[in-house]
Amino acid sequence: MSPQLSDFVVVPGRPTGLKPSRLVLDNGVVVLAKESRKTPAVTLQLTMKAGSVNDPADALGAAYLLGKTMDRGTSQRSATEIAEGLEDRGASLSISVTRHLVTLSCTCLTEDFDRVLALLAEIVATPTFPESELAIQKGEVVTQIRQDADSPAVRAAEGLMALLYGAAHPYGRPSKGTVDSIEALPREVVDTLHRAHFSPGSLMVAIVGDVGAEQAMASAAAALGQWAKPLPAAVELPPVVAASSRRQVVLPMMNKSQADIAYGFTTMTRRDPDYYAFWLMNVVLGNYAMGGRLGENIRERQGMAYYASSTFDPNMLEGPFVVRAGVSGANVERTVRAIDDELRQLSAHGITDQELMESRQYMIGSMPRALETNAGIAQFLITCELFALGIDYDTRLFDLLEAVTREHVRELAVRYLDPDRATVVIAGPYEG
Amino acid sequence: MASAVRAATLDNGLRVLIQEEHTAPLASVWCWYRVGSRDERPGLTGVSHWVEHMNFKGTENIPREAIKGIIEQFGGTWNGYTWIDQTTYTLTATRDALDRMLFIEAERMARCVYDADDCESERTVIISELQGGENDPDQLLDQELTATAFKAHPYRHPTIGWLSDLQTMTRDDLYGYYRHHYVPDNATLVIVGDVDADVALKKVAAQFGTIASGGHHKRMRTVEPEQSGERRVTLRKEGTTAYLKVGFHAPAVFHPHFVPALLLDAVLTGAKGVNLWSSFRVPPPQRSARLYRALVERGLASSVFGAMLPTAEPFLYAVSVTATDGTSLDRVEEALLGELDRVRRDGITRDELVRAQAQLQARLVFDADSITNIAHQLGYFDVVGGAAVFPALPQSIMSATVEDVAAIAARMLTTDNRTIGRFEPQAS
């Protein structure tokens, strides 16, 4: 008899734990290190709690522009010297800016580790934002904003955030700013933003790779220990108000081939005790095995979309839950109905025992893959630190997910995912 | 450092490559087929990619409803992709799932069912994928540039296929193509991870050994005639941003000029590495690269990107530029062609070569950071470029000279060998 699928069952084990090292320098810098000798390389991630929520209302995009310009000159080096210092050795630095964070990521060969760390520390602490470099970066950002305006996917996603949070809320504003705000943005605003929000007490550093934890700590102390600056006052963020009725906005882009749908709600903070049950619900609804229930309905059963899935992005404030799908203009209404149906189904009946078990196994079993690469580990350590999840979070995750019940998931669906309070934005060849 | 690769060929012709990597309790399985969009005839463009989609939809021993979560429920992940030379399927999960992963791949090779309703449903999914791509003017221009640069070789049509073929292809077209190409003697199976190579090889033999071979496979062999004059294509469509692309016919991966061409691209736009699965997810170190300085630092472009990809037959070296808002494409084109002409005439400096070599070597290290990436490279070069090319890369990179790079620049970057594509946005 030929073998059957049921012959090949696997029992995933409990994770043994990363066991990273954590040290807080005297000036407040948090250093997280994990040795991994797989390749002769080290990944560095420096994350500053200074993202675009700090943009002044009259200078939207300031933090984004800061991120693009901060490696273009320091107190000791020109833009060219910085670039050559990294690139002659094959390293490349990426800087990303999100609502709350500015992150520098760089992978270098082991032999260059100390030099690269010192250079990144210099970029974080003493950028000069030369006027000429700022002008070039402004040109790039304006071009990106224009490209975004031509992308149904970006317009649907940004349009949804503006509706969910309000166009003036730090979560609702465009993080790149607008063409007008960027063109008018004076250098002083960027410089002030850096002086006000970049400080050792707001910095987390992850060092992962071919370097012992003790040496990593010593190198971090040497590179960053002398930086002295008081902790900035916490920024007051306006509260998030959940929608009380259904809203739908259509952004017609009749020159495009496909419409993008963004359908969402505000949810909870990352520290909310309901997080684990919501996360699991999101896996069942829009992630598991190519888009979960949404993918099964919209892509597999109805053949309407190449992609249909959901994301859950809780943050310092109540982050969004968003369903995304790309479909032809003719299928927009059917797709929105399918999303409504899946959410109603979830509220009415919850998830099945099998879904609970499989999703849980998937989430736990995914950890070794997520933590396989140095960059994956670095990102994980920073997330644990940012949300105070604890240094042993990877080993506790098993129990946290074991505790999720079907009833809890259904209760969250009822509380958060009511189609009558959904916000829907459609961008593309569709006029409503 | 990397362990040795165990290579074997089963009696039915299946090539097997196994590398032990005991850094994480995981195993990655890739099954590669020597079939891609260059094997498609007119009327059937896109069939390789569509077949890839169909091979996730149920087999004789895996019912349709069991596909969902088949490896995810054990913490694993799977995927697949199709390109011009190859189609591949990947699974990565705990090492304990190795048997299950091999079972899935054996079923996929020999026993997919191609239910007629599933074929119809997937038709609209793929057309949706095509239309999503068309939303991006840069991607649209890329497709037009390639179709213009090749007039005979099947690299000219996009892997996703032309719309009319996707609308008319039948279930029997798909199934016939699957049966012809999905045979052990047209495939390479790769396993990398926390496994014992001897044991893993036995498992492969047990699962794949009974699948019948398909006989000798000869791929279509149209040689693109040498280009004898500049070609141009201009798209004028509603949009906000202007894009420019220049493509040059370029050496295939096994050609001695391939590595010098990689170095040339590193000098022009920063080194990318040679892993299609991972290299392009990290930005290249390009701020000291020539074209970045000439275009981005001068405010003419918001981005510049070069792609010198390892392919089985001569493909294109393509440079893509996004013009900054308010800058005319003519100015961007003049600056870009001026720089390309300069390197064609004068070659590169020793310092530039040393930097490009260091960058490429570092990328090879960075790209070996996971078993999935290591396995990709073993399989990719086995089916696309011959197994000898990849292990020799560090040595080939270091032994290339300034003269080698100058020679490929002089030969490749000529006016007659180039195709220029422009996307000129029209106001709505």
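Treat the numbers as computed from the prediction; the structure is a model and nothing was measured. (Residues numbered from 1 in each chain as written. Chains lettered and ligands numbered in written order. Predicted model: local features only at pLDDT ≥ 70, side-chain atom pairs only at ≥ 80, totals over all residues.)

A. Structural detail: the sheet that holds strand β10 (residues 320-327) of chain A. Residue and element names in this part refer to chain A. Taken together, the 5 strands give an open sheet; going across it, the order is β7-β11-β8-β10-β9, and neighbouring strands pair in mixed fashion. The two strands at the open ends of the sheet, each matched to only one other strand, are β7 (247-252) and β9 (308-312). Mean inter-strand twist for the sheet, computed between neighbouring axes without regard to direction, equals 15°. Sheet analysis places strand β8 (residues 259-266) next to strand β11 (residues 423-428), joined by 5 bridges and oriented antiparallel. Opposite I261, over in β11, you have I426 as the bridge partner. Each of β8, β10 and β11 touches helix α11 (residues 332-349); the most contacted strand, β8, lies at about 25° to it. (Pairing = 2+ DSSP bridges. Helix = DSSP H or I, 4+ residues; strand = E, 2+ residues; numbered from the N terminus. Axes fitted to C-alpha atoms, helices over the stretch in contact; angles between N-to-C directions. Contact = placed C-beta atoms within 7 Å.)

B. Expanded view of the pairing of strand β1 (residues 5-9) of chain B. Inspection of the sheet shows β1(B) paired to strand β2 (residues 15-20) of chain B by 5 bridges, in the antiparallel sense. The residue of β2(B) that forms the bridge with B:A8 is B:V16.

C. Layout of the environment of A:R270. Residue and element names in this part refer to chain A. Mapped onto the elements of the fold, R270 is located in the loop between β8 and α9 (275-286). Taking the number of C-beta atoms within 10 Å as the measure of exposure, R270 has 18 and is therefore partly exposed. A C-alpha to C-alpha distance of 11 Å links R270 and C384, two positions 114 residues apart in sequence. R270 has contacts with Y275, P314, N315 and F387, leaving out every residue within four places of it along the chain. (Buried ≥ 20, exposed ≤ 12 C-beta atoms within 10 Å, placed from the backbone.)

D. The interface of chain A and chain B, seen in detail. In this assembly, 61 residues from chain A lie in contact with 62 residues from chain B. Of all the elements in the fold, those that place two or more residues in the side of chain A that touches chain B are α2 (79-87), β5 (102-109), α4 (131-149), α10 (288-301), β10 and α12 (353-370) of chain A. Its residues placed into classes, the side of chain A that touches chain B shows 24 nonpolar, 23 polar and 14 charged. (Nonpolar A, V, L, I, M, F, W, Y, C, P; charged D, E, K, R; others polar.)

E. Spatial organisation of the packing of helix α1 (residues 47-54) of chain B against helix α4 (residues 116-134) of chain B. Residue and element names in this part refer to chain B. Axis separation between α1 and α4 bottoms out at 10 Å; the angle between their running directions is 120°. When the axes of α1 and α4 are compared, the pair comes out oblique. For the crossing formed where α1 meets α4, the hand is right-handed. Between α1, through W50, H53 and M54, and α4, the contact on the second element is made entirely by D118, C119, E122 and I126. Considering only residue class, the contact of α1 with α4 consists of 4 nonpolar, 1 polar and 2 charged. (Parallel < 35°, antiparallel > 145°, perpendicular 65-115°, else oblique. Left-handed = near helix turned anticlockwise from the far one by under 90°.)

F. The arrangement of the domain arrangement of chain B in detail. All names here are of chain B. Once the domains are mapped, chain B shows domain 1 (5-208) and domain 2 (231-426). Domain 1 and domain 2 are separated by 27 Å when their C-alpha centres are compared. On the domain 2 side, the residues contacting the 32 residues of domain 1 number 29 residues. Elements with a minimum of two residues in the side of domain 1 that touches domain 2: β2, β3 (26-33), β5 (87-94), α5 (137-149) and β6 (187-193). Counting residues per element, the side of domain 1 that touches domain 2 draws most heavily on α5, which supplies 10 residues. Among the residues forming the side of domain 1 that touches domain 2, the class breakdown is 14 nonpolar, 11 polar and 7 charged. (Domains from an automatic or database assignment.)

G. Summary view of the packing of helix α12 (residues 350-366) of chain B against helix α14 (residues 389-399) of chain B. All names here are of chain B. It is the contact of α12 with α14, at a shortest axis distance of 9 Å, that shows an interaxial angle of 170°. Relative to α14, the element α12 lies roughly antiparallel. Facing α12, whose interface residues are Q357, L360, Q361 and L364, α14 presents L393, P394, I397 and M398. Classifying every residue of the contact of α12 with α14 gives 6 nonpolar, 2 polar and no charged.

H. Focus on the domain arrangement of chain A. Residue and element names in this part refer to chain A. Here the domain parsing of chain A yields domain 1 (21-224) and domain 2 (247-428). Computed from C-alpha atoms alone, the centre-to-centre distance between domain 1 and domain 2 is 28 Å. Facing 27 residues of domain 1, the contacting portion of domain 2 comprises 32 residues. For the side of domain 1 that touches domain 2, the elements supplying multiple residues, two or more each, are β2 (30-35), β3 (41-48), α5 (152-165) and β6 (203-209).

I. Examining the nonpolar core more closely. A:L120, A:V205, A:I207, A:I261 and B:L263 are the most contacted members of the largest nonpolar core, which totals 266 residues. In contact with A:I207, other than residues within four places in its own chain, are A:V31, A:A33, A:V42, A:L44, A:A216 and A:A220. (Core = buried A, V, L, I, M, F, W, Y, C linked by C-beta atoms within 7 Å.)

J. Spatial organisation of the environment of B:I397. Residues and elements named next belong to chain B. In this fold, I397 is placed in helix α14. Counting along the chain gives 364 residues from I397 to Y33, while the straight-line C-alpha distance between them is 28 Å. The residues contacting I397, other than those within four sequence positions of it, are V259, Q357, L360 and Q361.

K. Structural context of the pairing of β10(A). All names here are of chain A. Judged by how many residues are buried, β10 sits mostly within the fold: 8 of 8 residues are covered. Of the two faces of β10, the one carrying P320, V322, R324 and G326 and the one carrying F321, V323, A325 and V327 are both buried. With 8 bridges connecting them, β8 and β10 associate as antiparallel partners. Residue T266 lies in a different strand from β10, and its bridge partner there is P320. Pairing geometry for β9 and β10, over 5 bridges, is antiparallel. Counterpart to F312 in the pairing with β10 is F321.

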